[in-house]
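One letter stands for each residue in the lines below.
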Amino acid sequence: MSNHRLPQPDRPWVMRTYSGHSNAKKSNELYRKNIAKGQTGLSIAFDLPTQTGYDADDELSKGEVGKVGVSIAHKQDMQTLLDGIPLGEMNTSMTINATAMWLLSLYIATAEENGVDQAELSGTTQNDILKEYLSRGTYAFPPGPSMRLIADMVSHTVNHVPKWNPINICSYHLQEAGATPVQEIAYSMSNAIAVLDSVKARGQVSDEDFPKVFGRISFFVNAGIRFVEEHAKLRAMGKLWSELADRYGVEDEKLRRFRYGVQVNSLGLTEAQPENNIQRIVLEALAVTIGRDARARALQLPAWNEALGLPRAWDQQWALRIQQVLAFETDLLDYPDIFEGSIVMDGLVDELVTGAKAEMAIVEENGGAVEAVPYMKAALVESHSRRVSAIENGDLTVVGQNKFTSTEESPLTADAEGGIMVIDPEVERELIEAVENWREGRDQEAVDKALADLAAAAANESENLMPYSIAAAKAGATTGEWSSTLRDVFGAYRGPTGIGDATMHGDNESLEALRERVEEVSETLGRRLKILVGKPGLDGHSNGAEQIAVRARDVGMDVVYEGIRLTPSQIATSAVQEGVHVVGLSILSGSHRELIPAVIENLREAGVDVPVVCGGIIPDHDVQPLLDAGVARVYTPKDFELNRIMGDIIELVAERANAQAPAAV
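Residues numbered from 1 in each chain as written. Predicted model: local features only at pLDDT ≥ 70, side-chain atom pairs only at ≥ 80, totals over all residues. Heavy atoms only, no water.

## Section: the overall build of the protein chain
Then, in step 1: Along the protein chain, the regular secondary structure elements total 25 helices and 15 strands.
Then, in step 2: Scaling as 2.2 N^0.38, a compact globule of 665 residues should have a C-alpha radius of gyration of about 26 Å, and the protein chain matches this with 25 Å.
Then, in step 3: In terms of principal-axis extent, the alpha carbons of the protein chain reach across some 85 × 65 × 50 Å.
Then, in step 4: Within the span of the protein chain, comprising 665 residues, buried residues form 60% of the whole.
Then, in step 5: Look at the contacts in the protein chain between residues 6 or more apart in sequence, and 80% of them connect residues 24 or more apart.
Then, in step 6: Accessible surface computed for the protein chain: about 25,600 Å², of which carbon and sulfur atoms make up 50%. (Helix = DSSP H or I, 4+ residues; strand = E, 2+ residues; numbered from the N terminus. Rg over C-alpha atoms; globule rule 2.2 N^0.38 Å. Buried < 20%, exposed > 50% of the residue type's maximum accessible area, 1.4 Å probe, protein only. Contact = heavy atoms within 4.5 Å. Areas by Shrake-Rupley, 256 points an atom, 1.4 Å probe, with all protein chains shown as cover.)

## Some remarks on the domain arrangement of the protein chain
Then, in step 1: In terms of domain boundaries, the protein chain breaks down into domain 1 (14–403) and domain 2 (508–658).
Then, in step 2: Relative to domain 2, the C-alpha centre of domain 1 lies at a distance of 32 Å.
Then, in step 3: Every contact between the two is made by 36 residues of domain 1 and, on the other side, 33 residues of domain 2.
Then, in step 4: Across the interface of domain 1 and domain 2, roughly 2,700 Å² is buried in total on both sides, 54% from carbon and sulfur atoms.
Then, in step 5: Counting every contact that joins domain 1 to domain 2 gives four salt bridges.
Then, in step 6: Of the charged contacts in the structure, one is a salt bridge between E392 and R551, with a shortest N-O distance of 2.9 Å.
Then, in step 7: There are 17 residue pairs in polar contact (both at pLDDT 80 or more) connecting domain 1 and domain 2. (Domains from an automatic or database assignment. Buried area = accessible area lost by both parts, 1.4 Å probe. Salt bridge = Lys/Arg side-chain N within 4 Å of Asp/Glu carboxyl O. Polar contact = N/O pair within 3.5 Å; in protein donor to acceptor, adjacent residues only side chain to side chain.)

## Side note on the environment of I548
Then, in step 1: Mapping I548 onto the fold places it in helix α21 (residues 543–554).
Then, in step 2: Accessibility expressed as a relative area gives 19% for I548, which makes it buried.
Then, in step 3: With 193 residues separating them in the primary sequence, I548 and G355 have C-alpha atoms 29 Å apart.
Then, in step 4: I548 has contacts with V533, L642, I645 and M646, leaving out every residue within four places of it along the chain.

## Quick look at the packing of helix α10 (residues 227–247) against helix α14 (residues 343–365)
Then, in step 1: Packing of α10 against α14 leaves a shortest axis separation of 8 Å and a crossing angle of 55 degrees. When the interaxial angle is binned, α10 and α14 end up oblique. For the element pair α10 and α14, the recorded crossing hand is right-handed. From α10, V228, E229, H231, A232, K233, R235, A236, K239, L240 and E243 reach across to α14, where they touch M345, L348, V349, D350, L352, V353, A356, K357 and M360. (Axes fitted to C-alpha atoms, helices over the stretch in contact; angles between N-to-C directions. Parallel < 35°, antiparallel > 145°, perpendicular 65-115°, else oblique. Left-handed = near helix turned anticlockwise from the far one by under 90°.)

## Structural notes on the packing of helix α17 (residues 444–459) against helix α19 (residues 479–490)
Then, in step 1: Orientation of α17 relative to α19, taken along the N-to-C sense of each, is 35 degrees, at an axis distance of 9 Å. Of the two elements, α17 crosses α19, and the hand of that crossing is right-handed. Across the interface between the two elements, V447, L451, L454, A455, A458 and A459 of α17 pack against E481, W482, T485, L486, V489 and F490 of α19.
Then, in step 2: A per-class count over the contact of α17 with α19 returns 10 nonpolar, one polar and one charged. (Nonpolar A, V, L, I, M, F, W, Y, C, P; charged D, E, K, R; others polar.)

## A word on the packing of aromatic side chains
Then, in step 1: With the rule as written, the count across this model stands at 16 aromatic pairs.
Then, in step 2: With centroids separated by 5.2 Å and ring planes inclined at 45 degrees, the aromatic side chains of Y133 and Y139 adopt a geometry described as tilted.
Then, in step 3: Judged by its relative accessible area of 2%, Y133 falls in the buried class.
Then, in step 4: Aromatic pair F214 and Y248: ring centres 6.4 Å apart, planes at 40 degrees, arrangement tilted. Of this pair, F214 sits in helix α9 (residues 210–216) while Y248 sits in the loop between α10 and α11 (253–256); the two residues are 34 residues apart in sequence, bridging distant segments of the chain. This pair shows no difference in class: F214 is buried, exactly as Y248 is.
Then, in step 5: Ring pairs connect the aromatic residues F210, F214, F219, W241, Y248, F258 and Y260, which therefore count as one cluster. (Phe/Tyr/Trp six-rings, centres within 6.5 Å; stacked < 30°, edge-to-face > 60°.)

## Details of the side chain of E546
Then, in step 1: With respect to the helices, strands and loops of the structure, E546 is situated in helix α21.
Then, in step 2: The class for E546 is buried, based on a relative accessible area of 4%.
Then, in step 3: Polar contacts involving the side chain of E546 include one to the side chain of S542, which spans 2.5 Å.
Then, in step 4: Setting aside anything within four residues of it in sequence, one finds E546 in contact with K377, V381, T497, I499 and Y561.

## Some remarks on the sheet that holds strand β2 (residues 18–19)
Then, in step 1: Sheet architecture is open: five strands sit in the order β2-β3-β4-β5-β6, paired in parallel fashion. In this open sheet, the two strands that pair with only one neighbour each are β2 and β6 (164–165).
Then, in step 2: This element, helix α1 (residues 24–36), spans β2 and β3 (42–45) of the sheet and lies at about 150 degrees to β3. (Pairing = 2+ DSSP bridges.)

## A closer look at the pattern of salt bridges
Then, in step 1: Inspection of every chain in the model, using the stated rule, returns 48 salt bridges.
Then, in step 2: One salt bridge in this structure joins E132 and K131, with 2.4 Å as the shortest N-O distance.
Then, in step 3: Accessibility expressed as a relative area gives 1% for E132, which makes it buried.
Then, in step 4: We classify K131 as buried; its relative accessible area is 1%.
Then, in step 5: A salt bridge links R235 to D337, with the nearest nitrogen and oxygen atoms 2.5 Å apart.

## Looking at helix α22 (residues 568–578)
It helps to recall that an α-helix has 3.6 residues per turn; residues three or four apart then point in one direction.
Then, in step 1: Those residues of α22 not exposed but buried are P568, I571, A572, S574 and A575. Projected down its long axis, α22 carries its buried residues within an arc of 160 degrees, all on one side.
Then, in step 2: Two residues or fewer after α22 comes G579, characterised by a positive phi angle close to 60 degrees. (Arc of directions from axis to C-beta.)

## Re the sheet that holds strand β15 (residues 633–635)
Pairing between the strands of a sheet is mediated by backbone hydrogen bonds and can be parallel or antiparallel.
Then, in step 1: Read from one edge to the other, the open sheet built from five strands follows the order β12-β11-β13-β14-β15, with strand pairing classed as parallel. Edge positions in the open sheet fall to β12 (558–561) and β15, since each of these has one partner strand only. Across the sheet, the mean angle from the axis of one strand to that of its neighbour is 20 degrees, orientation sign disregarded.
Then, in step 2: Examined bridge by bridge, strand β14 (residues 612–616) and β15 share three bridges and lie parallel to one another. Of the residues in β15, the one forming a bridge with G615 is Y635.
Then, in step 3: Together, β11 (530–534), β12 and β13 (582–587) form the strand contacts of α22, whose direction differs from that of β11 by roughly 165 degrees.
Then, in step 4: Of the strands in this sheet, β13 and β14 are in contact with helix α23 (residues 592–605), which crosses β13 at around 160 degrees.

In structure tokens:
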């Protein structure tokens, strides 16, 4: 046998489909179908209330329940979600961060009530809170207590759940927020250092066992369309991880291994000509499977229509079949590493490692990853601003969006729902009723005691919170109660927006014309044109809102942007207090049909009569109802020209100002 072939083809990676919606019963049915179709690992998507620690009946949960994932409030929900799935055999990934300890507690409680000891469980909790402050927004507690929760989970799993990956350092969402490959590498590695140091400082794992901590840390990486560079990025991350193993004295080759899973890029998926997303996904999947020495251990692919809305089961099946064709029809798994000795690949890896080390040094100068969150957030906002401007200017080609835009009508989006899944609004009412019934039927005294014990442990820095969290799960506490208990001890937190330090990018000539128009309108108004950019509900994907806020500032407007997670009444109150001339709302979670009319209603009740515009992942069939509700303009992902949007907004205010001009005169 020649050495350019393997004696036997490699085993394929774990194939997952990121899925979950509505309630536990419907999601369980979906999981069983996916497993029957050949999916080899479970990947659970939770809805935003579950991710951020609220029950379905909380005011902030309105419109968000069951939308971007499954709603899990208590142990019975988890039992239903996992019904019929062999927990002692299944490798389960849970995309959960702020409430990761709680969801793992529910998972352990469910397993043990089904006769499976926690020591037998295998899987991963994402549990990466720093990237939530930077890019995704589903945080619940301040950084210090959040890092304690992570460290306590790591310590518990190393000691009691040895096959579980307690944290998935997640660079995926950094790229979604605009990170360059260098930033993605540097910030995720800096994050890993912060986690390792936090676990060591907690002192709950012996020095002898600390290499096991290193060995249980995995990564969740993004793979973009520049697939050669993206493959080099993975090799660079492996090289830096090996250097960190030396730093922490890890000698066992198995524990030193850089282990990562991947979801390929969603940022580059387009609403325009969405069929182009299929070839993007295939190429991005190729990047993380083609080279044996840097092959992903697990892979999940987005569906072609995720820029439009929630994928259907058929769309997710298509994404799974892409993986299966790569693994079982091509010869990817037949060869040793095909990039060994490549001048191009070695050069790219060295370039990325050098750049990442330089950026890691800056993070270290800013106090390490926890203290450097404001620096990293501002850097990502600026990096994303450069990307948006490059697309606007045509310097970065996106096929079907800013080049080759003539198109035939797509049969893929021709159905009544526009080619996506739409969650029945009745789901939210049913889940509110279900959690209320759960509270009425449980042993309240046992729940109260378990939550009191959790609060007392949280107030004692030396306690590991994981056993108390498991006890609360077994007693029947809810997601909202667990989070509320810890919020009472740890306090609330609002992350940095990053817009203050972002540098202007874009076409200077167009910007100058917009600035002149802002000056004219401001003179008519008698003061500076002011916009409020708001994100109602629990959607933490703030990238678009941040770019609107930065560009509005750059064209000369006064900007009010208070970050994520606001109720409609809070947005209306802010509009009154700030005296804004226009309100811009951003929602990507599918809750626009409920929350945007609610904001407009609150504005009217507060006596605010200004134009309201909105943007986000909004299907075509929802545009007219929003206009009927009083929205002046609706922007979707195909509206990528920020200067055009700015021009629209300025003229909306100008029209209103001119209408009032005679009375003012």
